[in-house]
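# Examining the three-dimensional arrangement
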Amino acid sequence: HVFDVMQTSYALSISTGIIHSLSAWERFELLTACLCHDLEHPGVSTPFLEQAPALALAFKDTLLEKHHALRAFEVMVDREVGLLEGLSTERYYSFRGAVSRAILATDISKHEGYLTLVNAKIGNEGEAATFGAESQTAAHSPASESPAPLDIPSGNSSE
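Just so you know, these numbers come straight off a predicted model, no measurement behind them.

Reading guide: rules and limits
Residues numbered from 1 in each chain as written. Predicted model: local features only at pLDDT ≥ 70, side-chain atom pairs only at ≥ 80, totals over all residues. Heavy atoms only, no water. Helix = DSSP H or I, 4+ residues; strand = E, 2+ residues; numbered from the N terminus. Buried < 20%, exposed > 50% of the residue type's maximum accessible area, 1.4 Å probe, protein only. Contact = heavy atoms within 4.5 Å. Areas by Shrake-Rupley, 256 points an atom, 1.4 Å probe, with all protein chains shown as cover. Salt bridge = Lys/Arg side-chain N within 4 Å of Asp/Glu carboxyl O. Phe/Tyr/Trp six-rings, centres within 6.5 Å; stacked < 30°, edge-to-face > 60°. Expected span 1.5 Å × (residues − 1). Core = buried A, V, L, I, M, F, W, Y, C linked by side-chain atoms within 4.5 Å. Patch = residues over 30% accessible without salt bridge, like charges linked within 9 Å, V, L, I, M, F, W, Y side chains within 5 Å.

Now for the overall build of the protein chain. Within the protein chain, the regular secondary structure consists of eight helices and zero strands. Ordered by position from N to C terminus, the α and β elements of the protein chain give α-α-α-α-α-α-α-α. Burial analysis of the protein chain (159 residues in total) assigns 26% to the buried set. Sequence-distant contacts in the protein chain: of pairs separated by 6 or more residues, those separated by 24 or more amount to 66%. Counting every atom, the protein chain has about 10300 Å² of accessible surface; 59% of that belongs to carbon and sulfur.

In structure tokens:
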């Protein structure tokens, strides 16, 4: 599931052209969020977990998504992992905010609202239904522009 989400997000960012407007850091943030969006998922729904008073009080809403984001950063900052070791304080909090917001956006209770926003951006629902087919054709066309390579930026980058 996680790989599918990451690959689909990357493919959509290419087919829609959005990838060209993202910096290397924003690409890294997007793909990191995709990889971490279901970290330690217990296999049960948020409503089920809300029946556990300690968890419900600790996270209030978007319970699972907050847990996924929290655990992702606990792992990334662990001394043995050291993934974010070289980042400046400013870069770390920017990265953490972007990844956390993306993970929190995966809350299924917010799905309908996001669909409404997407449909408003691309037109009526009829256009939205054909959006994927047009994008897929463009993405597989030999003439389509390739995105810049996904370089994992160093923590000292000013991008």
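Another aspect to go through is the pattern of salt bridges. Scanning all chains against the criterion turns up one salt bridge. Ionic pairing is found between glutamate 74 and arginine 71, a salt bridge with its closest N-O pair at 2.6 Å. Of this pair, glutamate 74 and arginine 71 both sit in helix 5 (residues 63-77), three residues apart, which is roughly one turn of the helix. In this structure glutamate 74 comes out as partly exposed when scored by relative accessible area, which is 36%.

On to the packing of aromatic side chains. Scanning the entire structure with this criterion turns up six aromatic pairs. When the centroid spacing of 5.4 Å and the interplanar angle of 20 degrees are considered together, the rings of phenylalanine 28 and phenylalanine 95 count as stacked. Separated by 67 residues along the polypeptide, phenylalanine 28 in helix 2 (residues 24-36) and phenylalanine 95 in helix 6 (residues 89-104) bring together distant segments of the chain. The burial state of phenylalanine 28 is the same as that of phenylalanine 95; both residues are buried. Ring centres 5.0 Å apart and planes at 80 degrees place the aromatic pair tyrosine 92 and tyrosine 93 in the edge-to-face group. For tyrosine 92, a relative accessible area of 13% translates into the label buried. Tyrosine 93 gets classed as exposed once you look at its relative accessible area, which sits at 56%.

Moving on, we come to helix 2. For helix 2, built from 13 residues, the straight-helix expectation of 18 Å at 1.5 Å per residue is met to within 8% by its first-to-last C-alpha distance of 18 Å. Within helix 2, ten of the 13 residues are buried, which leaves it mostly tucked inside the rest of the structure. Those residues of helix 2 that fall on the buried side of the exposure criterion are Ala24, Trp25, Arg27, Phe28, Glu29, Leu31, Thr32, Ala33, Cys34 and Cys36.

For the rest of this paragraph, the subject is the environment of serine 94. Its place among the elements puts serine 94 in helix 6. For serine 94 and glutamate 29, which are 65 residues apart along the polypeptide, the C-alpha to C-alpha distance reads 9.6 Å.

Let us look at the nonpolar core. In terms of nonpolar packing, the biggest core is built from 14 residues, with Phe73, Met76, Leu84, Phe95, Val99 and Ile103 touching the most fellow members. For this core, the secondary structure elements donating two or more residues are helix 2, helix 5 and helix 6. Setting aside anything within four residues of it in sequence, one finds phenylalanine 95 in contact with Trp25, Phe28, Glu29, Thr32, Phe73, Met76 and Leu84.

A few words on a nonpolar patch on the surface. Together, Val75, Val81 and Leu83 line one region of the surface with nonpolar side chains, adding up to about 230 Å² of accessible area. Residue placement: leucine 83 occurs in the loop between helix 5 and helix 6.

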